[in-house]
Amino acid sequence: MLFNRKGNKHRRPSKAVRVATLAGVAGAAVAVPLMGATNASAASVATWDAVAQCESGGNWSINTGNGYYGGLQFSQSSWAAAGGTQYAARADLATKAQQIATAEKLLDMQGPGAWSCAGAGNLTNDGVDPGVDTGSGSAKQEAAPKQEAAPKKAERTEAPATNRSDRSDAPKKTVTTPTGKKVAKGDGEYKVVSGDTLSKIAAEHHVKGGWAQLFKLNKDIVDDADLIYPGQQLHLTK
């Protein structure tokens, strides 16, 4: 399931997060290609089938009422953030091809860490265009060999610690999401990068209380725990 208790998706620990990083699922605006275009973050249909098999048993129309939809178990916020609503209101109402096309954009924004089942499908930013037809719903599997993309190094900026009482006086700076929406940038000591989720950040920086505490510390700029955006600056402590 999509993980993003953000890429940037931020996301529940067991779901694909979704965007999170909204570039802007995970500060500085990140350019996101149009849905139909091939981008650097891509995976074959066979890979997405394997991820879906783990996430939902391969049921692309599943809706169990748990807040996650479709074969790749999108949260509603991640589905909308990655442009899926241009196809259907929810992922379970879209075709397999449309879900894969939307997942490609989410992969570009958040990386494979957005899905807890990424390992089951060996999901990587391998650059293999799935070649799906979002109009007819048919999918074409590319035979090109997979190439492992070099892992992205997280960029961190150090900033002097500030008291929560001082934050309201900070400049109201914003970042732009892939959909063009402006969201608060924040003034914390950690700068969100593409592929980040609240869970990942909390684990790497040993935040006591995990993603839930990190979400609480940054509720002034993070409205949805499944969605954080590149360029946002989060507080890791009070």
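Cut-off values and rules
Residues numbered from 1 in each chain as written. Predicted model: local features only at pLDDT ≥ 70, side-chain atom pairs only at ≥ 80, totals over all residues. Heavy atoms only, no water. Helix = DSSP H or I, 4+ residues; strand = E, 2+ residues; numbered from the N terminus. Buried < 20%, exposed > 50% of the residue type's maximum accessible area, 1.4 Å probe, protein only. Salt bridge = Lys/Arg side-chain N within 4 Å of Asp/Glu carboxyl O. Core = buried A, V, L, I, M, F, W, Y, C linked by side-chain atoms within 4.5 Å. Contact = heavy atoms within 4.5 Å. Arc of directions from axis to C-beta. Disulfide = S-S within 2.5 Å.

Some words on the environment of Ala212
- Topologically, Ala212 is positioned in helix α6 (residues 210-217).
- Accessibility expressed as a relative area gives 39% for Ala212, which makes it partly exposed.
- In sequence terms Ala212 and Leu198 are 14 residues apart; their C-alpha atoms lie 8.1 Å from each other.

Details of the pattern of salt bridges
- One pass over the full model with this rule turns up 2 salt bridges.
- Among the salt bridges present, the one from Asp49 reaches Lys96, with a minimum N-O distance of 2.8 Å. Residue Asp49 is found in helix α1 (residues 45-56), and its partner Lys96 is found in helix α3 (residues 96-110); the two are separated by 47 residues along the sequence.
- For Asp49, a relative accessible area of 28% gives the class partly exposed.
- One salt bridge in this structure joins Arg90 and Asp92, with 2.9 Å as the shortest N-O distance.
- Residue classification places Arg90 among the partly exposed residues on the basis of a relative accessible area of 26%.

What about the nonpolar core?
- Formed by 27 residues in total, the largest nonpolar core has its most connected members in Trp48, Leu72, Phe74, Trp115 and Leu123.
- Residue assignment for this core shows that the elements contributing at least two residues are α1 and α3.
- Sorting elements by how many residues they give to this core places α3 first, with 7 residues.
- Excluding residues that lie within four positions of it along the chain, Leu123 makes contacts with Ala43, Thr47, Trp48, Val51, Leu107, Pro112, Trp115 and Ala118.
- Core analysis: the next-biggest nonpolar cluster, separate from the first, contains 15 residues, Val193, Phe215, Ile228 and Leu234 among them.

What about the environment of Lys173?
- Looking at the element boundaries, Lys173 is found in the loop between α4 (164-167) and β3 (174-176).
- Separated by 13 residues in the primary sequence, Lys173 and Gly186 place their C-alpha atoms 7.0 Å from one another.
- Beyond its immediate sequence surroundings of up to four residues, Lys173 is in contact with Val183, Ala184, Lys185 and Gly186.

Things to note about unusual backbone geometry
- Phi is positive for Gln73, close to 50°, though the residue is something other than glycine.
- The residue Gln73 is located in the loop between β1 (68-69) and β2 (74-75) in this model.
- A relative accessible area of 3% places Gln73 in the buried class.
- Within the chain, His206 stands out as a residue other than glycine whose phi angle is a positive 55°.
- Taking the relative accessible area as the measure of exposure, His206 reaches 71% and is therefore exposed.

Some remarks on α6
- Within the span of α6, buried status applies to Leu214, Phe215 and Leu217. Angularly, the buried residues of α6 cover 160° about the axis, an arc narrow enough to put them on a single face.

Concerning the state of the cysteines
- Overall, the coordinates contain 1 disulfide when judged by the stated rule.
- One disulfide in the model links Cys54 with Cys117; its S-S distance is 2.1 Å. Taking the sign of the S-S torsion, -60° for the link of Cys54 and Cys117, the bridge is left-handed. Within this pair, whereas Cys54 is found in helix α1, its partner Cys117 is found in the loop between α3 and α4, the two being separated by 63 residues in sequence.
- According to the relative accessible area criterion, Cys117 is buried, its value standing at 9%.

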